[in-house]
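So you can see what is in the structure, the chains are spelled out below.
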Amino acid sequence: MLTTISLGQGITLRCIRQSRFKQGCLSLQLLRPMTREEAALNALFPAVLLRGTEKSPDLRAITLRLDDLYGASVGAVVRRLGDYQTTGLICSFIEDAYALEGDRILAPMADFLRELLLEPVMEGQGFSRDFVEGEKTNLISAIDTIRNDKQLYASHQFARLMCREDSLGIPRLGERADVEAITPESLYAHYRKVLRECPMEIFYVGSQAPETVAELLRPLICSLSRQVQPLPSQTPFHACEPQSQVEPMDVTQSRLCMGYTTPITFRDDRFAAMQLCSTILGGSMSNKLFTVIREQMSLCYDIGSSYNGGKGILSVKAGIDASREETVRREVERQIDACRRGDITEQELSAARQTLISQLRQVPDSPGSLENYYTSSLIGGLNMEPETYMEKLLAVTREDIARAAGTLQLHTVYFLKGEGQ
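Just so you know, these numbers come straight off a predicted model, no measurement behind them.

The rules behind these values
- Residues numbered from 1 in each chain as written.
- Predicted model: local features only at pLDDT ≥ 70, side-chain atom pairs only at ≥ 80, totals over all residues.
- Heavy atoms only, no water.
- Pairing = 2+ DSSP bridges.
- Helix = DSSP H or I, 4+ residues; strand = E, 2+ residues; numbered from the N terminus.
- Axes fitted to C-alpha atoms, helices over the stretch in contact; angles between N-to-C directions.
- Contact = heavy atoms within 4.5 Å.
- Buried < 20%, exposed > 50% of the residue type's maximum accessible area, 1.4 Å probe, protein only.
- Core = buried A, V, L, I, M, F, W, Y, C linked by side-chain atoms within 4.5 Å.
- Phe/Tyr/Trp six-rings, centres within 6.5 Å; stacked < 30°, edge-to-face > 60°.

**Q** Before we go on, may I ask you to explain the sheet that holds strand 11 (residues 302-308) in this structure?
**A** Spatially, the 5 strands line up as an open sheet ordered 9-13-10-12-11, and their pairing is mixed. At either margin of the open sheet sits one strand with a lone partner, and together these are strand 9 (243-249) and strand 11. Recorded for the sheet is a direction-independent mean angle of 15 degrees between the axes of neighbouring strands. Of the strand pairs in this sheet, strand 10 (residues 254-261) and strand 12 (residues 313-320) are connected by 8 bridges, and their pairing is antiparallel. Its bridge partner lying in strand 12, Y260 is registered against L314. Contacts between helix 12 (residues 325-341) and the sheet are confined to strand 10, strand 11, strand 12 and strand 13 (409-418), with strand 10 contributing the most and set at about 30 degrees to the helix.

Rendered as structure tokens:
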């Protein structure tokens, strides 16, 4: 059961008390509107914080501290949740009940989280230059990796094109040039601004009572000077002119991306029907796109669909030979038309429903999956318990899915065309 406690100053603690895990989980995230100017800054500073503190000034000292906590781990977390970018830290640690008699883990873990967040290694008026330059290199490498993976690259370019006037078109980790321009001083100034202004979400999964966790976090709360700025509301897709783009590249396999818009989002009663529609189309073991276009017609190497409920965008992506682009596009439209007509077999509906319900049943399997589900749900806009959402999926009819499919409109086509094919 989820318990929510307001700790004041725009700080919310959410707890799931669960005693069946040997591991606990504690995350702290600051919520910021997703903007091109700040994406790289938000992605960089938690990694810099993890390089050292005043008491543990390097990675070796950090590792020794974690070893003393029975091999606990702590990492940076940077998420895109609708129009928000979250940035912060997430910890995993053994539960107190499984430590040696007299040893406590959660209390020193919470204190170490406070130390990592609030006591960074400084150099003049900024973070340590070595730390910042080292993490800039790592972040640039992660951004460059997208270019080298053509499937990721095509998805990246497709999002830029379709969502060029929406926050979804902003790369989660920012742009290479923006990372290169960051200085220790500019990053520290931004970090201080985020700590002062941003709503903070703390999530705990473990066996301790929520009131106990709240008390352990008091030193962190008391250390902060806050002037919290309210976040703008989550918004559906900011529509722009539909567009098609072909990008030639020296690759052996072309990538086709087709983007459809729908008014149905997390906040719509038809959301479950729309998600089932996407799963029937290209997300289950017996989905229409794979069965017909890949298996029966042999027109592609891979194909599938996904649905962004925060924005109301359904995407179809396929690896194909360049010469088959028009044929594949027509067949994708045919399968979507089949969904619009309600031409859905009982096997397709059952497989899609089972796929989504199985995913929801896996949510309680680990502290990390619980943290991820509830953080994404509550901040992203779904705001629904897994069991409640399962009931909604079971109630959806074939007619509901057909009506949801009827709202789909083709908006953007991006084609990464293999040269010489």
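**Q** I would appreciate a short explanation of the sheet that holds strand 5 (residues 84-94) in the present structure.
**A** Each strand in a sheet pairs with its neighbour through backbone hydrogen bonds, running either in the same direction (parallel) or in the opposite one (antiparallel). Reading across the sheet, the 6 strands line up as 1-2-8-3-5-4 and stay open at both edges, with mixed pairing between neighbours. Strands at the two margins of the open sheet, each flanked by one partner only, are strand 1 (2-8) and strand 4 (73-81). On average, each strand axis in the sheet is tilted by 20 degrees relative to the strand beside it, whichever way the strands run. Relative to strand 5, strand 4 runs antiparallel, the two being bridged by 9 bridges. Bridging across to strand 5, V78 finds its partner in T87.

**Q** Help me out: how do you make sense of the pairing of strand 10 in this one?
**A** In the case of a regular strand, side chains alternate between the two sheet surfaces. With 8 of 8 residues buried, strand 10 lies mostly within the body of the structure. Taken together, the 7 bridges between strand 10 and strand 13 define a ladder with antiparallel strand orientation. Within strand 13, the residue paired with T261 across the bridge is Q409.

**Q** For this particular structure, what's the right way to read the nonpolar core?
**A** Generally speaking, soluble globular proteins have nonpolar side chains that are buried together. With 60 residues, the main nonpolar core has L7, L13, F93, L187 and I202 as its most contacted residues. Looking at this core element by element, the count peaks at 8 residues for helix 3 (residues 106-118). Among residues more than four places away in sequence, those in contact with L13 are T3, T4, I5, L7, I202, P210, V213, A214 and L217. L314, A318, L349 and L408 belong to the second largest nonpolar core, which has 55 residues in total.

**Q** What am I meant to see in the packing of aromatic side chains here?
**A** The relative placement of two aromatic rings is captured by the distance of their centres and the angle of their planes. Tallied over the entire structure, the rule returns 9 aromatic pairs. Taking 6.1 Å as the distance between ring centres and 25 degrees as the angle between the ring planes, the aromatic pair formed by F203 and Y374 counts as stacked. Of this pair, F203 sits in strand 8 (residues 200-206) while Y374 sits in helix 14 (residues 367-380), and the two are 171 residues apart along the sequence. When its relative accessible area of 3% is taken as the criterion, F203 is described as buried. Look at Y374 and you get buried, because its relative accessible area is 7%. Arranged with centres 5.0 Å apart and planes meeting at 65 degrees, the rings of F266 and F271 form a pair that is edge-to-face. A relative accessible area of 21% means that F266 is categorised as partly exposed. Grouped by ring-pair contacts, the aromatic residues F45, F127, Y188 and Y191 constitute a single cluster.

Fair warning: the whole summary comes from geometry, so function is off the table for now.
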